[in-house]
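# Understanding the architecture of this molecule
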Amino acid sequence: MQEFHAELGVPLAPLTTFRLGGPAARLVTATTDDEVVRAVREADESGTPLLLLAGGSNLVIADEGFEGTVVRIATRGFALDGTRLELAAGENWSEAVARTVEAGLAGIECLAGIPGSAGATPVQNVGAYGQEVSATLTEVVAYDRRSGETVTLDNADCGFSYRHSRFKADPSRYVVLRVRFELEDADGLSAPLRYAETARLLGVEVGERVPAATARETVLKLRAGKGMVLDPEDHDTWSAGSFFTNPILDDADFAAFTARVHERLGADVAPPAFAAGEGRTKTSAAWLIDRAGFAKGYGEGPARISTKHTLALTNRGAATTADLLALAREVRDGVHEAFGVTLVNEPVTVGCAL
């Protein structure tokens, strides 16, 4: 069997959207599912620490780097059979969305412009502008490191919830190889719009449909205006997108939070509130950050809040991971002091912690 070509001491920063992190002790690039499985199995059998990397859009890697094997998933594969879509884990997600819209299909058009790979989307249950991958995903093909076998998990097996999944809950078990979706042929129209800002910009009501290409273009404009579309020349996009998830509070915690808001901002101020299941309310992390005193552009060092969106922490070009984490802690602790709510980071930390 052919040996992998391994590179030693490879800088990981250029492989992430933050452009942060030290070197990998060993980097293997896998271009087929079999190579991914072989590389993972080899690391597991030798007891070598393992890091999976594809688009690098949701990683915060320590300045010291990673003392183990990094498997870069560079698999390719886009297969459309009617309304059924299969993507290899290494496929560029944003490009895949564009191709489904060009084919006249609906279901993921509002997930346009999200950086990273297709294989990462079920891990986070990626969502934006009223859509989540869990709404259209039918199956995930993954290598189960526990059993040593390749398995197929259907939607119900994936344990999806807000920005969470079975894969995120047990990150050392599954390696996503392929993702499958069931899209909709709506004669070129989008899925019903679920996000008020998108509908308002398009001049329609929530629940209405528009041409899928128009929905995609509108989302791309909205994301670009918030620095959420990758641009090497724009440091506001040197980020992981939204750094914190929107908090979901039970009734008691939301009541206590609302009382803190009234105490700090006035009795006439109502915090954002969205139903998140029985007895649970979701509020806005961006609103919390801003009202706690962290405005767009906040910070004086090389890591700062984006000038376009308070929810994005950015590398202004010379930051270290330590700089980024210091800013993240300042924001998290400031929000907790102001409102009693603890923000949770969305990106995965490697060799470091918030």
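Everything numeric in this text was worked out from a predicted model, so none of it was measured. (Residues numbered from 1 in each chain as written. Predicted model: local features only at pLDDT ≥ 70, side-chain atom pairs only at ≥ 80, totals over all residues. Heavy atoms only, no water.)

## Some points on the nonpolar core
Rules: Throughout, nonpolar core names a set of buried Ala, Val, Leu, Ile, Met, Phe, Trp, Tyr and Cys residues whose side chains join them through atoms within 4.5 Å. For the exposure calls, accessible area comes from a 1.4 Å probe over protein chains only, and a residue counts as buried if that area is under 20% of its type's maximum, exposed if over 50%, partly exposed in between. In DSSP terms, a helix is any run of H or I states spanning at least four residues, a strand is any run of E spanning at least two, and both are numbered starting from the N terminus. Two residues qualify as a contact provided that any one of their heavy atoms is within 4.5 Å of a heavy atom in the partner residue.
The biggest cluster of nonpolar side chains holds 36 residues, and the ones touching the most others in it are Leu87, Trp93, Val140, Val179 and Phe181. Within the residue set of this core, elements represented by two or more residues are strand 7 (84-88), helix 2 (93-102), strand 11 (137-144), strand 13 (174-182) and helix 6 (212-225). With 4 residues, strand 13 is the largest single contributor of residues to this core. Not counting residues within four places of it along the chain, the set of residues in contact with Val140 comprises Pro122, Val151, Thr152, Leu153, Cys158, Phe167, Val176, Arg178 and Val179. Counting 35 residues, the second-largest nonpolar core is a separate cluster that includes Phe244, Trp287, Leu324 and Ala338.

## Regarding the sheet that holds strand 2 (residues 23-30)
Stated formally: Strand pairing follows a simple DSSP-based rule, namely that at least 2 bridges must link the two strands. Axis geometry follows a simple rule: fit a line to the C-alpha atoms, using only the stretch in contact for helices, then measure angles between N-to-C directions, giving values from 0 to 180 degrees.
Read across the sheet, 4 strands follow the order 1-2-5-3 without closing on themselves; strand pairing throughout is mixed. The open sheet terminates on both sides in strands that have one partner only, identified here as strand 1 (6-11) and strand 3 (50-53). Mean inter-strand twist for the sheet, computed between neighbouring axes without regard to direction, equals 35 degrees. In this sheet, strand 2 lies alongside strand 1 in antiparallel orientation, the contact comprising 5 bridges. In the sheet register, Glu7 faces strand 2, and the bridge partner there is Leu27. Contacting strand 2, strand 3 and strand 5 (66-73), helix 1 (residues 33-46) crosses the sheet at an angle of about 145 degrees to strand 2.

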